[in-house]
Each structure stands twice: as structure tokens, then as C-alpha cells.
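Residue-level structure breakdown
One letter stands for each residue in the lines below.
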Amino acid sequence: MSNELVIVVTGANSGVGFGICHRLLVQLSYAHPSDAEPHFNVGQHKLNVQTRPPDAGTTIVMACRDPKRAQDARDKLYRLLDKHIAGLRKSSDEHAYATAFRRSVRLDTERLDLASVKSVLDFGRTVSQKYEYISHLIFNAGTATYSHFDLLGFTYDLFTHPIHAIEHVRRNIQTNGVLSKDNLGYAWQCNVFGHYVLYRTLQPLLLAYGRYASTPARVLWMSSIDSEPLFDPKDDWQLTKTLHSYHASKFEIEAVSSELERRTIETEEQGGSSRADLVAPHGEFHHYIVSPGITSTNMSTLLNIPIPGWQYLMLAAFWFVRFIGSPHVLMSLYSAAVATVHVALAPLRALPTVHNAPHISPADIEYPTWHAYHGRFTHRDEAPRVLALRFGSENDRWGRDYPGVTAVPVWEEHSDLGATLLERFERLYQTFLEAERGEEAGVENETQ
């Protein structure tokens with residue numbers, strides 16, 4: 001097995017996914033990527049970041065629904081990398097390293113429609129035939145079932161609670177009952193279940209990398225600062241009834257990925273167990289939760305805002321809120337990718353966890369009055385239980401970006417949510433697998 005990185009990014013042709021690919025290319029073109037340097041204080045002595053040979057090889061698999069848009073994005077990424085390298089001093093070691101990296105880097109595009117389980121399974125088979133392993137699986141793609149934007153309400157929020165109005169916007173009105181072609185909750189399938197199916201399909205390639213490389217593979221689940229438990233987990237786990245399917249889908253991502261990581265650690269400590277079929281039995285890969293913060297993407301066009309030039313008004317509001325103190329508003333897709341790329345490249349021992357960073361608490365965050373967590377956590381009370389840590393992209397008022405971290409609290413009313421969802425997801429996944437096997441057997445019988 002070579003030293004090559006094989007990184008799969010869903011939704012890579014636009015938005016934050018494109019920013020992730022762009023930042024990965026730029027960072028990996030340096031012998032010592034700044035995003036790979038330890039940033040958090042987790043009690044470790046100075047860690048040395050291993051330097052990869054520039055010709056070791058890097059492949060980014062851009063998993064996109066539209067092949068034409070994927071190809072256009074691929075060409076643009078190559079141009080951006082060439083522009084970056086051209087800006088380096090030609091006689092420098094940096095230029096020589098980046099030039100060698102450019103010769104070995106590869107951007108591949110593959111079609112993936114997360115709203116179709118068949119498409120996800122086909123993608124998994126195609127990737128499994130092309131690559132020996134996967135070093136990074138970045139679940140970035142996502143959508144929302146917006147109906148409209150409450151402009152008057154947002155204007156009120158912006159004048160009375162400017163930072164909260166942007167960081168925890170409540171005026172993006174969503175609709176419910178939207179189903180996919182598989183007759184599943186549309187936002188739920190695109191954001192959560194489609195990625196779970198992809199994870200299970202590509203699990204052998206993650207295991208292959210972890211068993212032969214010097215470091216475990218990594219699975220990064222894209223959540224959001226808007227993650228919120230706004231659904232009934234008993235009868236609406238596919239999020240077809242709630243009017244907050246986007247927020248709820250991000251919370252489900254956190255619940256499921258944290259449960260997978262909990263089982264990974266438990267199984268590794270026990271030396272493998274009967275529950276290891278869903279996770280890495282010996283720590284061959286780990287799960288992380290990331291967030292891009294608040295940034296402008298094509299998802300905002302789904303709001304159907306009937307004001308000419310509204311994008312400029314939105315950017316002006318972003319600039320203002322960032323200047324008065326919000327670290328979570330980022331003005332470029334490149335900056336919005338800083339947390340994801342840091343978690344992808346930094347030494348694992350340099351990343352805080354629930355176990356090695358108990359000082360990170362949900363009480364550190366001030367939530368608006370309309371948020372489900374408002375007033376629930378204070379430093380005066382008993383420390384709330386932490387479900388997981390979410391790595392989020394942040395910056396100062398001058399735009400200098402850096403990774404931050406936030407504690408995700410346990411939903412005490414449903415503290416076993418992750419395990420419950422995982423059982424339901426796996427059962428549904430196996431149902432689709434059995435149906436596909438039945439269809440294949442039927443086709444074989446017809447051809448005989």
C-alpha cells in the first residue's frame with residue numbers, strides 16, 4: 001500500500017464542499033501545512049507533524065449529483081491550485097514542494113445522489129473497484145426544505161439580537177412532508193441516512209487504510225451551529241413531521257456519529273467484540289463532528305427571497321455581525337473549511353475529545369431565547385453531560401480564521417438517542433440491501 005491519501009468529499013462541486021477541496025489542495029501543497037499544526041490545548045507535549053513526500057500522491061474524490069457541475073468545479077480547483085503555486089517564490093523550497101505535489105495530485109469525480117439509496121450503493125461499488133482504501137471520508141453534502149424567508153421577522157431579530165439573528169437564524173421557514181424518490185424524509189435522507197449508507201458501503205476501505213497506514217482513517221460528519229433537537233424521536237425520526245428538519249437532521253448526525261465513535265473506543269478497549277460490525281474493531285478509523293460556521297452558500301437561494309440584490313444585503317449583515325463580535329460568521333468558503341481541514345490533517349492526539357477536554361462545556365455558549373438550549377446550562381449548576389465535541393470554523397473580526405470547538409449536550413429526555421437511531425438506520429440499510437439483492441436475482445433469472 002502506498003502513502004497516498006484518498007479523500008472522499010460529498011457535495012464537492014459547490015459551497016462548503018468546494019471550499020474544503022480548495023483548502024485541502026492549498027494546505028497539502030506545503031511540506032508543513034498550517035492547518036495540520038496542533039491548535040488546541042489537550043495536555044500533550046509538542047507533537048511533531050509528519051512531513052509527507054510531495055510525490056506521495058493525493059486523490060480527492062468529488063462525489064456530486066451533477067456530473068457537469070462536478071467537472072466544472074474540478075477544472076476550477078486545478079486553476080486555483082495553479083494560481084496558488086504561481087504566487088510562491090520560484091526559487092524557494094515551498095515552490096519546489098508545491099510543484100512536485102501538483103504533479104502527483106488527482107481530482108476524480110463520481111456521481112452520487114444521496115436522495116437515492118441505489119445511487120449511494122452504486123457509488124460505493126464504483127469507488128471500491130477503483131481504490132484500495134480511503135483515508136478520509138468527509139460527509140459534507142446537505143440540503144433543506146425551505147419554503148420562504150420571513151423578512152420582517154428577520155429584520156426585527158437583526159435589530160434586537162444581531163448576533164443571535166445570524167448565528168441561530170429562526171426566519172428560514174421550512175416545510176414538512178417532503179419525501180425522496182425512496183419514500184423517505186427528503187432532508188433526512190440527503191443529510192443523514194444517505195451518508196450512513198455511504199459509510200457502511202465504504203467501511204471496508206476505511207478499515208483497509210487503518211490496518212496498513214501509520215494513522216487511522218477519519219470520518220468527518222458535517223453538522224451545523226444550527227443543530228437542535230426539534231423533533232419527536234419516537235414517531236418522527238425521518239423528520240417528515242417537524243418544521244425544523246434541517247436543524248433536527250444535524251442533531252441526528254451528532255447523535256449517530258458520537259454513538260459510532262463511542263462504540264469504536266469501547267470496542268478497541270475490549271480488543272474487538274460482537275458489536276464491531278458497525279465500527280472499527282481495533283481503532284482503524286474514528287468519527288468526528290465538524291461545522292463550517294455561518295457562511296454564504298447556494299442553499300440560501302432555496303429561500304426564494306423576492307428582493308433584488310438581497311445577497312449583498314446578507315453579506316453586509318454578515319460583515320457587521322462579525323465585526324461586533326461573532327466568531328462564527330465567515331466571509332469565504334475557504335475560511336469556512338478551516339475546521340474540517342484541521343480535523344482532517346492534524347495529529348489525532350492533538351484533537352480534544354469528551355474524555356481529554358472535560359473543561360469544554362455546553363454552558364460556555366449563550367443561546368438565544370428561541371433556542372431549545374436557552375437557560376438550560378450555566379456554570380453555577382451541575383456540569384451538564386456532554387454528548388460530543390463539534391469542531392467549528394471561526395475567525396476574528398479581521399477575518400483571521402481558526403478552528404474552534406463546542407460541546408454538544410446530551411439530550412437528557414432521550415439520552416439513548418444515538419443507539420436507537422443507529423439500530424433503526426442499520427435495519428433500514430439492511431432492508432435496502434435485501435431488496436437490491438432480490439432485484440439482482442430477478443434479473444439473473446430473466447436472462448437465463
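Preceding this section is the structure that the text describes.
Bear in mind that the values here come from a model prediction, so they are computed numbers and not experimental data. Here, residues in each chain are numbered from 1, in the same order as that chain's written sequence. It should be noted that, the model being predicted, local features are given only for residues of pLDDT at least 70 and side-chain atom pairs only at 80 or more, the latter also being counted only at that level, while totals for whole chains, interfaces and linings use all residues. For the side-chain quantities, the full set of heavy atoms in the structure was used; hydrogens and water were omitted.

Concerning the overall build of the chain
- A tally of regular secondary structure across the chain gives 12 helices and 10 strands.
- Taking 22 Å as the expected radius of gyration for a compact globule of 448 residues, we find that the chain reaches 22 Å, a close match to that expectation.
- Each principal axis of the C-alpha atoms in the chain carries an extent, and together these give about 65 × 60 × 50 Å.
- Within the structure as shown, the chain displays about 20100 Å² of accessible surface, and the carbon and sulfur contribution to it stands at 52%. Going along the chain from the N terminus, every DSSP run of H or I of four or more residues is numbered as a helix, and every run of E of two or more is numbered as a strand. In this setup the radius of gyration rests on C-alpha atoms only. A globule is expected at 2.2 Å times the number of residues raised to 0.38. Accessibility throughout is a Shrake-Rupley quantity obtained with a 1.4 Å probe, and a residue counts as covered only by protein chains that appear here.

Notes on the pairing of strand β9 (residues 386-395)
- A simple rule labels every residue: compare its accessible area, found with a 1.4 Å probe on the protein chains alone, to the largest value its type can have, and call it buried under 20%, exposed over 50%, or partly exposed in between. For β9, the tally of buried residues reaches 8 of 10 residues, placing the bulk of the element in the interior.
- In this analysis, strands are considered paired if DSSP registers two or more bridges between them. Relative to β9, strand β8 (residues 285-291) runs parallel, the two sharing 3 bridges. Each residue of the ladder has a partner; that of Ser291, found in β9, is Gly392.
- Relative to strand β10 (residues 401-409), β9 is paired through 9 bridges, and the arrangement is antiparallel. Its bridge partner being in β10, Arg390 is matched across the sheet by Thr406.
- Adjacent in sequence and paired antiparallel, β9 and β10 are bridged by 5 residues, among which Gly399 carries a positive phi angle near 95°.

With respect to helix α7 (residues 186-212)
- Any helix carries an expected span of 1.5 Å times its number of residues minus one. Here α7 spans 38 Å end to end across 27 residues, near enough to the 39 Å set by a 1.5 Å rise per residue.
- The term bend refers to the angle at a residue between two fitted axes, each drawn through seven residues, those ending there and those starting there. Of all bends in α7, the biggest is about 55°, found at Leu202, and the proline Pro204 comes one to four residues later.
- Counting buried positions along α7 gives 23 out of 27 residues, so the element sits mostly inside the fold.

Things to note about the sheet that holds β8
- Strand order in the open sheet made by the 8 strands is β3-β2-β1-β4-β7-β8-β9-β10, with mixed pairing throughout. Only two strands of the sheet have a single neighbouring strand rather than two, namely β3 (105-111) and β10. Neighbour-to-neighbour, the strand axes of the sheet open up by a mean angle of 25°, direction not taken into account.
- We call two residues in contact when some of their heavy atoms are within 4.5 Å. Axis definition: a line fitted to C-alpha atoms, over the contacting stretch in the case of helices. Angles run 0 to 180 degrees between N-to-C directions. Here helix α11 (residues 338-345) sits on the sheet in contact with β4 (136-139), β7 (217-222), β8, β9 and β10, set at roughly 160° to β7.

Considerations on the side chain of His342
- Examined against the element boundaries, His342 turns out to sit in helix α11.
- Here His342 falls in the buried class, since its relative accessible area comes to 2%.
- Sequence-distant contacts of His342, that is, excluding residues within four places in its chain, are made with Asp35, Glu37, Pro38, His39, Phe40, Leu351 and Pro403.

A few points about the packing of aromatic side chains
- Between rings of Phe, Tyr and Trp, where Trp is taken as its six-membered ring, a pair exists when centres lie within 6.5 Å; planes separated by under 30 degrees are stacked, by over 60 edge-to-face, and by other angles tilted. Following the criterion strictly, the structure yields 20 aromatic pairs and no others.
- Taking 5.4 Å as the distance between ring centres and 85° as the angle between the ring planes, the aromatic pair formed by Trp188 and Trp237 counts as edge-to-face. Of the two residues, Trp188 is situated in helix α7 and Trp237 in the loop between β7 and α8 (245-269); the sequence distance between them amounts to 49 residues.
- For Trp188, a relative accessible area of 0% gives the class buried.
- Ring geometry for Phe193 against Phe425: centres 6.0 Å apart, planes inclined by 80°, an arrangement best described as edge-to-face. You can see Phe193 sitting in helix α7 and its partner Phe425 sitting in helix α12 (residues 417-447), a full 232 residues away along the chain.

Some details on the nonpolar core
- Only buried Ala, Val, Leu, Ile, Met, Phe, Trp, Tyr and Cys residues count toward a nonpolar core, and they belong to the same one when joined by side-chain atoms within 4.5 Å. Among the nonpolar cores identified, the biggest contains 103 residues, and Ile60, Met62, Phe123, Trp188, Phe193 and Phe425 are the most heavily contacted of them.
- In terms of residue count, α7 provides more of this core than any other element does, 13 residues in total.
- In contact with Ile60, not counting residues within four places along its chain, are Ile7, Val9, Cys21, Leu24, Leu25, Arg106, Leu107 and Asp108.
- Counting 18 residues, the second largest nonpolar core, distinct from the first, contains Ala165, Ile294, Ile305 and Val329.

Notes on the side chain of His22
- Here His22 is to be found in helix α1 (residues 15-28).
- With relative accessibility at 17%, the residue His22 sits in the buried group.
- Setting aside its immediate chain neighbours within four residues, His22 contacts Leu77, Leu80 and Tyr334.

Notes on the packing of helix α4 (residues 117-130) against α7
- It is the contact of α4 with α7, at a shortest axis distance of 9 Å, that shows an interaxial angle of 30°. The angle between the axes of α4 and α7 places the two elements in the roughly parallel class. Crossing angle aside, the handedness with which α4 passes α7 is right-handed. Residue-level contacts link Val117, Val120, Leu121, Phe123, Gly124, Arg125, Val127 and Ser128 of α4 to Gln189, Phe193, Gly194, Val197, Leu198, Thr201, Leu202 and Leu205 of α7.
- Among the residues making up the contact of α4 with α7, the classes are represented as 10 nonpolar, 5 polar and 1 charged. Note on angle classes: values under 35 degrees are labelled roughly parallel, values over 145 roughly antiparallel, values of 65 to 115 roughly perpendicular, and the remainder oblique. Take the far helix as the reference: if the near one is turned anticlockwise from it by less than a right angle, the crossing is left-handed, and if turned clockwise, right-handed. Asp, Glu, Lys and Arg are counted as charged, while Ala, Val, Leu, Ile, Met, Phe, Trp, Tyr, Cys and Pro are counted as nonpolar; the rest, among them Gly, fall into the polar class.

Side note on the pairing of strand β1 (residues 5-10)
- Within β1, 6 of the 6 residues are buried, leaving the element largely enclosed by the surrounding structure.
- Burial along β1 is two-sided: the residues Leu5, Ile7 and Val9 and Val6, Val8 and Thr10 are all buried.
- When β1 meets strand β2 (residues 58-64), the two strands line up parallel, connected through 6 bridges. Residue pairing in the sheet places Val9 in a bridge with Met62 of β2.

A closer look at the packing of α1 against α11
- Two numbers describe how α1 lies on α11: the axes approach to 9 Å, and their chain directions differ by 50°. Classified by the angle their axes make, α1 and α11 are oblique. Two packed elements cross with a definite hand, and for α1 against α11 that hand is right-handed. For the pair α1 and α11, the contacting residues are Ile20, Arg23, Leu24, Gln27 and Leu28 in the first and Val338, Thr340, Val341 and Leu345 in the second.

Things to note about the pattern of salt bridges
- Here, a salt bridge means any side-chain nitrogen of Lys or Arg that lies within 4 Å of a carboxyl oxygen of Asp or Glu. Tallied over the entire structure, the rule returns 25 salt bridges.
- We note a salt bridge from Asp122 to Lys118, for which the minimum N-O separation is 2.8 Å. Of this pair, Asp122 and Lys118 both sit in helix α4, 4 residues apart, roughly one helical turn.
- You can call Lys118 exposed: its relative accessible area is 52%.
- Several salt bridges converge on common partners, so that one network encompasses Lys118, Asp122, Arg125 and Glu436.

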